[in-house]
Structures are given as structure tokens and as C-alpha cells.
Amino acid sequence: MTATLVSLIADNFKASLPVISIDSPSCEEEAMIETLCKVGIDLGLPVLVYDEVNFLRVPDTVIGQGLSYEKFTEFRPQANPLVEVLLYIREYEGPALFVLVDIHHNLGGDQVNHEAVRFIKTLAMELTRSRKRLVILGQDMALHSSLEGLVTELTNQLPDGDTIGQCVDQALSDLVEDFDRPGFAITLTNPERQRLYQSCQGLTQFEISRALRLAAVSDGVIDSATAERIASQKITKLRKLNVEFCGKPQVEAAGLDLLKAWINRKGKRFHTPDPLRPAPKGMMLVGVPGSGKSLIAQTIGTLWNVPVLSVDMGSIYGSLVGESEANLRRLLSTAEAIAPCVLFLDEIEKALAGVNSPGDSGVSQRLFGKLLTWMQEKTAPVFVLATANNIAGLPPEFTRKGRFDEIFFVDLPNPLERKAILEAHLSRYGVAGVDITHILAATEGFSGAELAAVVEEALDLMDEDGQTTLTPDYLQAAIKATCPLSERNPEALANLRDWAKVSARPATQRLESPTKPAKQGKVVMLG
């Protein structure tokens, strides 16, 4: 938890804004309550904590030694504990800070308790004239719209770089003092400690402390390997959000000279911001499926030496009311905590297809609005890379000028690029010395993914013949067996190119005429 959040809580209470909601990870609950106890002490407010299992309890206020509770015997609920505790708060005499834990599902979503919502509204207005304050604490908070403006909504964000450093240092100090294992040692050099800090980005303070203790128990030492252990735990956590870390590209992105030059220029300002100019915020890549858009994301991560978070935007949607919005909030919060990084939103048109459609329940529109607002207002160095195969599937406001730094069109590779792509994939399989000059013409209209498949098919044909040497004949046979997407859907390709002429910058300088254009028409999806 940051000092800013603690200050916000105290300032709201001092300003007679009596009801606050705090969206906080469940694993940080105890630390959050302990902090609220400190706020209560500073403001002269005794603290009482309520949940639907233990009802009202009095927390021990010895800060820094964990929490213990005593039963608060004056409150004995009967049939409706939540409404009864709200009534008790209303009638309670004297100053107090009430912390209501995990009641937010009653205040919004499918299980909304309208009587409880009405009580919260009443308390938000009445408690301003008292010395009583109220905190609603839980994870994935989505309160009823009628509470907007009455309840101050705060978020316990993931720790920033300075807080992570303090948390790691404190956890290591605690291990030295109380970890009872013969031979235990911390052997971190300063660069290794910095890598450890970086590996903890995107974790809560509780998760950081737990991960370090687990490493100490498992390995008996905190050393250079600890950062890798924690990074693997973080990857497991992110996969629950359907987020993957993109590794280094298996092959180099061939060609794309204009795009690469732009990436290099922006990379300098991404790492060394100019106070007089806005930092690079993102770009969109539009092109045919298999044209290497995902490879470009990996390439940016390598060139800029930052992690790339790959997100399946379709997985953001949840079945419960408010779940989709909570998933997006967690995703964006995690990206900001891991920053500097690249946030890779692949085939984003699939996630935004429902925006402005008659069948949309409003979820797509809310997610779209949240994403646009975040992209406009974010201050963390998160570079957004969005890709699309079907530009017609995107809301017009998503591609307006200024939303991204630039929109690039990634066309099918030209002859030099096709040659480089084939050679790169042959090299990946340990094949060298194959003359591919005479087969390049036959690959016109092939995408990068289709060329990679040609190499794999040629190797399979070679194996079937019991041979160990790949010849151009095998590649030629694989090419003849492949019908590229540009031949199966030429109209879509032609229309996409027509759109790109006026709406996007080319990613590479064309060295050949494109495949024969089809009749003009509306932009349709390839693939």
C-alpha cells in the first residue's frame, strides 16, 4: 500500500466524507485492516471490523505485529446481519471507524441487496455530522450506480518501484532475523538485487514477502536464481488473467524497414522521456493474418529491453455482472505495475466487435470506454501495441488520429523479405546452403506464416522420402501444395490495401507490384 492511499483515506475522513470503498486484493486484507487501524489511531477513532462470518470484532491495534481480534459482544445479529450492522452503525453513539469486509457483492451486481444500498446512502449523508466513519473493503468492487458520488471509491494499487524496493528489503531483513535454518544466507550483488526488484513488479506486497520466504525455505539461500523463481510465480499469476509474457522471437522480423526505423526512434524517447513532448503511447498494426504482427511485438520487446504482456482481449469478458470490468481493471493495473513494458492486444477487433451493436448489453461499450480513457490518461510507461486483421470490425473512434502514435499497414512480404523469411526458418531447423533464388517467384502472395509452413512441409516431405538433405524440389512441392490466403480471398486483400493507402503508413517499402487487385468494395475480414 502506498503512502498516497493512506493520505487519501485520512484526508477524506477529515473532510467529513464519511464513507469510503477500497478495492484491494484479498491477500492484502490483513495489511489493509492494519493500516486502517493506524488511521483510526491517528484520528482518534476506535476500529470495529465486520464480516459475514465473524460479525463485529475489535482488532488489536499493535501495528506491525499482525492482527488479533476480540469478539464485540454488544452486537448480536439475528435474521439479517448486514442490515442489522448498518442499523447498529447508524445508532452507535461515539466516535468509531467501521470496516465492513466483503459486503460489496450485496451492494452491486446480481446479488444486490437494495435495503443495504439504501442504508449505505443514508449513512453517507448522516455520518458527515458525526465522528463515525465507514470503510467498505473487498476485491473487485462494483458498487450500485446509486452510490456514485456518495461513496468515495479508492483502489489499493499494486506497489510501485520504490515500494517494491522497500518491501523486498524489509522481507530480506525479516528473514535474516527470524528464519531458523542453518546455513541460510543472502548472497545478492547490487545488480542481482535490482533484478530481484524488477521480478517482483506486478505482485502485491504480501505476494512478494511470501515468494521470498518460499524461496528461502526451498533453496536455503537468496541469490541470483531467486529472481527467476519469483518471475515464474508471477507468470503463473498473470496466466489467471489470460496474460502471457512474450519471449524473444524465434526468428528475426524480416524487412519492415519503415516500421523498424519508427520503432527505433520511439524507443529512445520511451526510455528517456522529453518533458516537453509526450511519451510514446502506442501504435496499431493492421494487416493480413500471418503477416508477422505478433513477431513485431516480440521484436519491440527485444529492441527496447522491456517485457511484452500478450493479452487475449476476448478472455476479458466474464459471465457475472461487473466481472468483465474488474478483469480489465486488474489487467491495466498489472501492466502499470510492471512498466516499463509493452501491452500487446492481439486481434483487438474481436473484443470490441460488440461496441455500438444492437445486441450489446452495454458491457462492450463500458470496456471500450474504460480502455480509451486509460489510454488517454495513463502516465506509466506502458506502450500499447494493438493489432487487427479486420479494420471494419473496430469502432471508428478507436482509430482516430491521436489515439495511437501511428497506424501501420503490414502488407504481404516483398521478394527480399520472402527470401529472408525462408532463410530464417531454414536456419532455425539447422538447414543451410539451399538455393532458393529460383522458387521465390512462386511464393508471391504468401504471408510470413505461410512461408514458415512451407519450410515445415518441405522437411516433412524430405523425411517421408528417407532423405537427410533438403533440396529446392521439396520446397517447390510444398509451395505447390499451399494455397495462400491472398488467392483464397483476393477481394478482401485488395480492399484492405485500398484502406491502407489513405489511413495507414506502410511498414515496408514495396519493391514489387501487389497481386492483382479485385473490384473495390467494402472492407471485409481476411481469414
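All values derive from a computational prediction rather than experimental measurement. (Residues numbered from 1 in each chain as written. Predicted model: local features only at pLDDT ≥ 70, side-chain atom pairs only at ≥ 80, totals over all residues. Heavy atoms only, no water.)

### A few points about the overall build of the protein chain
Each helix and strand counted, the protein chain has 17 helices and 16 strands in total. Expressed as lengths along the three principal axes of its C-alpha atoms, the size of the protein chain is roughly 90 × 65 × 50 Å. Counting only residues that meet the buried cut, the protein chain has 48% of its 527 residues in that class. A sequence separation of at least 24 residues applies to 78% of the contacts in the protein chain between residues at least 6 apart. Summed over all atoms, the accessible surface of the protein chain reaches about 25200 Å², with 51% contributed by carbon and sulfur. For the protein chain, the centre of its 52 positive side-chain charges and the centre of its 67 negative side-chain charges are spaced 6 Å apart. (Helix = DSSP H or I, 4+ residues; strand = E, 2+ residues; numbered from the N terminus. Buried < 20%, exposed > 50% of the residue type's maximum accessible area, 1.4 Å probe, protein only. Contact = heavy atoms within 4.5 Å. Areas by Shrake-Rupley, 256 points an atom, 1.4 Å probe, with all protein chains shown as cover. Lys, Arg positive; Asp, Glu negative; His and termini not counted. Charge placed at Lys NZ, Arg CZ, Asp CG, Glu CD.)

### Comments concerning the sheet that holds strand 11 (residues 282-287)
Taken together, seven strands build an open sheet; the order of strands is 10-12-13-14-11-15-16 and the sheet is mixed. Both edges of this open sheet fall to strand 10 (243-245) and strand 16 (505-506), since each of them pairs with a single strand only. The sheet contact formed by strand 11 and strand 14 (residues 382-388) spans five bridges and is parallel. Counterpart to Met-284 in the pairing with strand 14 is Ala-386. Helix 9 (residues 257-271) contacts strand 11, strand 13 (341-346), strand 14, strand 15 (406-410) and strand 16 of the sheet and is inclined by roughly 165° relative to strand 11. (Pairing = 2+ DSSP bridges. Axes fitted to C-alpha atoms, helices over the stretch in contact; angles between N-to-C directions.)

### Thoughts on the environment of Tyr-474
With respect to the helices and strands, the residue Tyr-474 is situated in helix 15 (residues 472-480). Apart from the residues lying within four places of it in its own chain, the contact partners of Tyr-474 are Ala-458, Leu-461, Met-462, Asp-465, Gln-467 and Thr-469. Polar side-chain contacts of Tyr-474 include one of 3.0 Å to the side chain of Asp-465. (Polar contact = N/O pair within 3.5 Å; in protein donor to acceptor, adjacent residues only side chain to side chain.)

### Quick look at the packing of aromatic side chains
To describe a pair of aromatic rings, one takes the distance between the centres and the angle between the planes. Overall, the coordinates contain twelve aromatic pairs when judged by the stated rule. Residues Tyr-50 and Phe-55 carry aromatic rings whose centres are separated by 6.5 Å and whose planes lie at 35° to one another, so their mutual orientation is tilted. Phe-55 gets classed as partly exposed once you look at its relative accessible area, which sits at 23%. Ring centres of Trp-304 and Phe-383 lie 4.9 Å apart, and the angle between their planes is 75°; this geometry places the pair in the edge-to-face category. With Trp-304 in helix 10 (residues 293-304) and Phe-383 in strand 14, this residue pair connects regions lying 79 residues apart in the sequence. Given the relative accessible area of 4%, Trp-304 is considered buried. (Phe/Tyr/Trp six-rings, centres within 6.5 Å; stacked < 30°, edge-to-face > 60°.)

### Quick look at unusual backbone geometry
Cis peptide bonds are those with omega within 30 degrees of zero, and the linkage from Ala-339 to Pro-340 qualifies with 5°. The phi angle at Ser-16 is positive, at roughly 60°, despite the residue not being glycine. Looking at the element boundaries, Ser-16 is found in the loop between helix 1 (3-14) and strand 1 (19-23). For Leu-256, which is not glycine, the phi dihedral falls at a positive 55°. With respect to the helices and strands, the residue Leu-256 is situated in the loop between strand 10 and helix 9. The buried category is assigned to Leu-256, whose relative accessible area is 8%.

### Quick word on the side chain of Thr-387
Its location among the elements puts Thr-387 in strand 14. Ignoring anything within four residues of it in the chain, the contact list for Thr-387 reads Leu-285, Lys-293, Phe-344, Leu-345, Asp-346, Glu-347, Ile-348 and Glu-349.

### With respect to the sheet that holds strand 6 (residues 132-138)
Strand order in this open sheet of seven strands is 4-3-2-5-6-1-7, and the pairing throughout is mixed. At either end of the open sheet lies a strand with only one pairing partner, and these are strand 4 (69-71) and strand 7 (152-155). Along the sheet, successive strands turn relative to each other by an average axial angle of 30°, direction set aside. Note that strand 3 (residues 55-59) and strand 4 share three bridges and pair antiparallel. Across the sheet, Arg-57 pairs through a bridge with Lys-71, a residue of strand 4.

### Brief notes about helix 6 (residues 190-199)
Among the residues of helix 6, Glu-192, Leu-196, Tyr-197 and Ser-199 are the ones counted as buried. Buried residues along helix 6 cover an arc of 165° about the axis, so they all sit on one side. (Arc of directions from axis to C-beta.)

### Quick look at a negative patch on the surface
A contiguous patch of negative charge, built from Glu-456, Glu-457, Asp-460, Asp-463, Glu-464 and Asp-465, is present on the exposed surface. Residue position: Asp-463 is located in helix 14 (residues 448-464). (Patch = residues over 30% accessible without salt bridge, like charges linked within 9 Å, V, L, I, M, F, W, Y side chains within 5 Å. Salt bridge = Lys/Arg side-chain N within 4 Å of Asp/Glu carboxyl O.)

### A closer look at the pairing of strand 14
Burial within strand 14 is extensive, with seven of its seven residues counted as buried. The side-chain alternation of strand 14 yields two buried faces, one formed by Val-382, Val-384, Ala-386 and Ala-388 and the other by Phe-383, Leu-385 and Thr-387.

### Some remarks on the side chain of Gln-201
Within the secondary structure, Gln-201 is located in the loop between helix 6 and helix 7 (205-219). For Gln-201, a relative accessible area of 14% puts it in the buried group. Those residues in contact with Gln-201, other than ones at most four positions away along the chain, are Ile-164, Lys-234, Ala-337, Ile-338 and Ala-339.

### Concerning the nonpolar core
Grouped together as the largest cluster of nonpolar side chains are 46 residues, with contacts concentrated most on Met-284, Leu-343, Leu-345, Ile-348, Leu-371 and Phe-398. Of all elements in the fold, only strand 11, strand 12 (308-312), helix 11 (323-338), strand 13, helix 12 (363-377), strand 14, strand 15 and helix 17 (490-503) reach the threshold of two or more residues within this core. No other element matches helix 12, which puts seven residues into this core. If we ignore the near neighbours within four places in the chain, the residues touching Leu-371 are Met-313, Leu-328, Leu-332, Leu-345, Ile-348 and Phe-398. By size, the runner-up hydrophobic cluster in this structure holds 30 residues, among which are Val-19, Leu-48, Phe-98 and Ile-103. (Core = buried A, V, L, I, M, F, W, Y, C linked by side-chain atoms within 4.5 Å.)

### So, the pairing of strand 2 (residues 47-51)
For strand 2, the tally of buried residues reaches five of five residues, placing the bulk of the element in the interior. Side chains Val-47, Val-49 and Asp-51 of strand 2 all project onto a buried face; the interleaved residues Leu-48 and Tyr-50 project onto the opposite face, where all are buried too. Pairing of strand 2 with strand 5 (residues 96-101) involves four bridges; the strand directions are parallel. Across the sheet, residue Val-49 finds its bridge partner in strand 5, namely Val-99. As judged from the three bridges shared by strand 2 and strand 3, these two strands associate in the antiparallel manner. Its bridge partner being in strand 3, Asp-51 is matched across the sheet by Phe-55. Linking strand 2 to strand 3, which pair antiparallel, is a turn of three residues.

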